Amino acid sequence: MRGISLIEAVVTLGVVMLLISGLVVGMTSSLQNAQASKARGVAVQSAQAALEIIREERDSNWTTFASRDVTGTGTNYCMDGTGQLTVVNESCLRIVTFTKNLIDPGQMDVVVTVSWVEGNTIKNVTLKTKYTQWK
C-alpha cells in the first residue's frame, strides 16, 4: 500500500483544523484577558489619583474637607478628569463617597468607585480609606 488514501487525508486535515481552532481560541482569550487587565489597571490608577487629590484637600483645609458629607450618612460626588467634585450624574465614571465618623469628628471615610464598560458588562473597582484630622 503506497500513498495516502482520501480518508486518511481528510482525517489528517480535520485534526490539523482542530489544532488551529484551539490555538485561535486560546490566543483570543489571552488577548481579551490582557485588555481586561489593562482596563482594570487604568481604573485602579484613576481611583488612586482621586484619593491623592482628596488627601491634598484634607491637608490644605480640614473644615472644607469635613463639610463634604452633608448628610452624616455618606454623600456622593462625581470627580471629573481635572479632580473637580460635582453632582453625581448617570455618565459619571468616578464616584467619591464621603462619610463622616459620627463618633469621632476628626475622621472621614472615603470610598472611590471607578466604573468602565467591558463588552456588555459594567465593571467597577473600589478603593476605601480613612482620613484623619492630623494637623
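Definitions and limits used
Residues numbered from 1 in each chain as written. Predicted model: local features only at pLDDT ≥ 70, side-chain atom pairs only at ≥ 80, totals over all residues. Heavy atoms only, no water. Pairing = 2+ DSSP bridges. Helix = DSSP H or I, 4+ residues; strand = E, 2+ residues; numbered from the N terminus. Contact = heavy atoms within 4.5 Å. Axes fitted to C-alpha atoms, helices over the stretch in contact; angles between N-to-C directions. Patch = residues over 30% accessible without salt bridge, like charges linked within 9 Å, V, L, I, M, F, W, Y side chains within 5 Å. Areas by Shrake-Rupley, 256 points an atom, 1.4 Å probe, with all protein chains shown as cover. Salt bridge = Lys/Arg side-chain N within 4 Å of Asp/Glu carboxyl O. Buried < 20%, exposed > 50% of the residue type's maximum accessible area, 1.4 Å probe, protein only. Core = buried A, V, L, I, M, F, W, Y, C linked by side-chain atoms within 4.5 Å.

Draft legend 1. View of the pairing of strand E5 (residues 121–132). Relative to E5, strand E4 (residues 107–118) is paired through twelve bridges, and the arrangement is antiparallel. Paired with Val 110 across the bridge in E5 is Thr 129. Between E4 and the antiparallel strand that follows it, E5, lie two residues; Gly 119 among them carries a positive phi value of about 70 degrees.

Draft legend 2. Geometry of the sheet that holds strand E1 (residues 75–79). Strand order in the open sheet made by the five strands is E2-E1-E3-E4-E5, with antiparallel pairing throughout. Each having just a single partner strand, strand E2 (85–86) and E5 make up the two edges of the open sheet. Note that E1 and strand E3 (residues 94–100) share four bridges and pair antiparallel. Residue pairing across strands places Thr 75 opposite Phe 98, the latter belonging to E3. Against the sheet, helix H1 (residues 6–60) engages E1, E2, E3, E4 and E5, with an angle of about 150 degrees to E4.

Draft legend 3. Highlighting a nonpolar patch on the surface. Together, Leu 13, Val 16, Met 17, Ile 20 and Val 24 make up a nonpolar patch on the protein surface, roughly 440 Å² of accessible area in all. Following the sequence through the fold, Ile 20 ends up in helix H1. Under the relative-accessibility criterion, Ile 20 is labelled partly exposed at 43%.

Draft legend 4. Highlighting the nonpolar core. The biggest cluster of nonpolar side chains holds 20 residues, and the ones touching the most others in it are Ile 54, Phe 65, Val 96, Phe 98, Val 110 and Val 112. Of all elements in the fold, only H1, helix H2 (62–66), E1, E3, E4 and E5 reach the threshold of two or more residues within this core. Look past the residues within four positions of Phe 65 in its chain and what remains in contact with it is Ile 54, Glu 57, Arg 58, Phe 98, Met 108, Val 110 and Tyr 131.

Draft legend 5. Local environment of the pattern of salt bridges. Tallying each qualifying case throughout the model produces four salt bridges. For Glu 52, the salt bridge is made with Arg 55, and the minimal N-O distance between the two is 2.7 Å. One end of the pair is Glu 52 and the other is Arg 55, both in helix H1 and three residues apart, which spans about a single turn. We classify Glu 52 as partly exposed; its relative accessible area is 43%. Note that Glu 57 is salt-bridged to Arg 68, the shortest N-O span being 2.9 Å. Taken together, the residues span a long stretch of sequence, with Glu 57 in helix H1 and Arg 68 in the loop between H2 and E1 at a distance of eleven residues. Given a relative accessible area of 19%, Glu 57 falls into the buried group. A relative accessible area of 19% means that Arg 68 is categorised as buried.

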